[in-house]
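# Structural overview for review
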Amino acid sequence: MTMMKTLATDYSSSEDRVRLRCVFLDGGCATVWLTRRLADQLLRHVAGLVERQSAEAPENAQETAQETAQATADAGAPGTAEAPSDEPPSEVDFARRQWLAQAIDVSPTKRHVQLTFRNSERAAQIGMDPATLRKWLDALHEVYRAAAWTPPAPKTRAEQDAPSAPVRALKITH
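Residues numbered from 1 in each chain as written. Predicted model: local features only at pLDDT ≥ 70, side-chain atom pairs only at ≥ 80, totals over all residues. Heavy atoms only, no water.

Helix and strand counts for the chain stand at five helices and eight strands. Counting from the amino terminus, helix and strand elements in the chain follow one another as β-β-β-α-α-α-β-β-β-β-α-α-β. Considering the chain as a whole, with its 174 residues, one finds that 43% of them fall into the buried category. Put simply, 61% of the contacts in the chain that link residues at least 6 apart link residues at least 24 apart. Element-wise, carbon and sulfur atoms account for 50% of the exposed surface of the chain, whose accessible area totals about 9,600 Å². (Helix = DSSP H or I, 4+ residues; strand = E, 2+ residues; numbered from the N terminus. Buried < 20%, exposed > 50% of the residue type's maximum accessible area, 1.4 Å probe, protein only. Contact = heavy atoms within 4.5 Å. Areas by Shrake-Rupley, 256 points an atom, 1.4 Å probe, with all protein chains shown as cover.)

Structural data, given as structure tokens:
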């Protein structure tokens, strides 16, 4: 599994898909594609998480940011194959390594949310604190506006609290 350092999200009209441009802690990069169906499920779930996190906001935001940064550093520090490059990846770099996500694992805690985009051969993971997750949700809404897609309604409180709903983690698949 590869840990992401940055994640840029946009819409590709030629592919009619959500494009995730991932830059990894080891300096590599990839383009991960999301179908609308998978993006709908993700958006709906993330919107519900953001709403719930806003209601249950941690008391110390600085502590949360430090813990998220430490968790990301711990996950990517040992065993990196190459030193990260100071030069940002080019379009060619992103085009060389691209794949379609078939599933997304969403693992929330009180302090952050871990997203793992995967298919049968690859996986890429990123952790986001509540503020970053909220910004990324805004970016997903921008993608939907650019695509002229109608965003799905967020999960209702009753759906979130239903006994059948996953409490700790969710696996979104096609």
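Let's pick the thread back up.
A few words now on helix 4 (residues 130–147). If you check helix 4, its first and last C-alpha atoms are 26 Å apart, about what 18 residues at 1.5 Å a residue would give, namely 26 Å. Among the residues of helix 4, Pro-130, Leu-133, Trp-136, Leu-137, Leu-140, Val-143, Tyr-144 and Ala-147 are the ones counted as buried. Along the axis of helix 4, the buried positions cluster into a sector of 120°, meaning they face one direction only. Exposed side of helix 4, more than 90 degrees from the buried face: Lys-135, Arg-145 and Ala-146 are the residues found there. The N-cap residue of helix 4 is Asp-129: its side-chain oxygen and the backbone nitrogen of Ala-131 are 3.0 Å apart. The positive-phi residue at the C-terminal boundary of helix 4 is Ala-148, with phi of around 60°. (Expected span 1.5 Å × (residues − 1). Arc of directions from axis to C-beta. Polar contact = N/O pair within 3.5 Å; in protein donor to acceptor, adjacent residues only side chain to side chain.)

Attention now goes to the pairing of strand 5 (residues 103–108). In summary, the side chains of a regular strand alternate between the two faces of the sheet. By the criterion of burial, strand 5 is predominantly enclosed, with five of the six residues buried. In textbook terms, the turn of a hairpin is the stretch between consecutive antiparallel strands, and for strand 5 and strand 6 (residues 113–118) this stretch comprises four residues. (Pairing = 2+ DSSP bridges.)

The phi angle at Asp-16 is positive, at roughly 55°, despite the residue not being glycine. Mapped onto the elements, Asp-16 comes out in the loop between strand 1 (2–12) and strand 2 (17–24). Note on Asp-16: relative accessible area 41%, which makes it partly exposed. Within the chain, Ala-148 stands out as a residue other than glycine whose phi angle is a positive 60°. Structurally, Ala-148 is set in the loop between helix 4 and helix 5 (157–161).

For the rest of this paragraph, the subject is the confidence of the model for the chain. Residues with a pLDDT of 70 or more make up 72% of the chain, whose mean pLDDT is 81. The low-confidence segment residues 71–84 (pLDDT under 50) makes 10 contacts with residues lying over four places distant or belonging to another chain. (pLDDT = per-residue confidence, 0-100.)

A word on the side chain of Asn-119. The topology assignment puts Asn-119 in the loop between strand 6 and strand 7 (123–128). What makes Asn-119 buried here is its relative accessible area of 16%. Only 3.2 Å separates the side chain of Asn-119 from the backbone oxygen of Leu-100, close enough to count as a polar contact. Here the side chain of Asn-119 touches Glu-121 through a polar contact of 2.8 Å, landing on its backbone nitrogen. Asn-119 has contacts with Trp-99, Leu-100 and Gln-102, leaving out every residue within four places of it along the chain.

With that settled, consider the pattern of salt bridges. In the structure shown here, the tally under the stated rule is seven salt bridges. Close ionic contact of Asp-10 with Arg-19 constitutes a salt bridge, the shortest N to O distance being 2.9 Å. With a relative accessible area of 17%, Arg-19 lands in the buried category. (Salt bridge = Lys/Arg side-chain N within 4 Å of Asp/Glu carboxyl O.)

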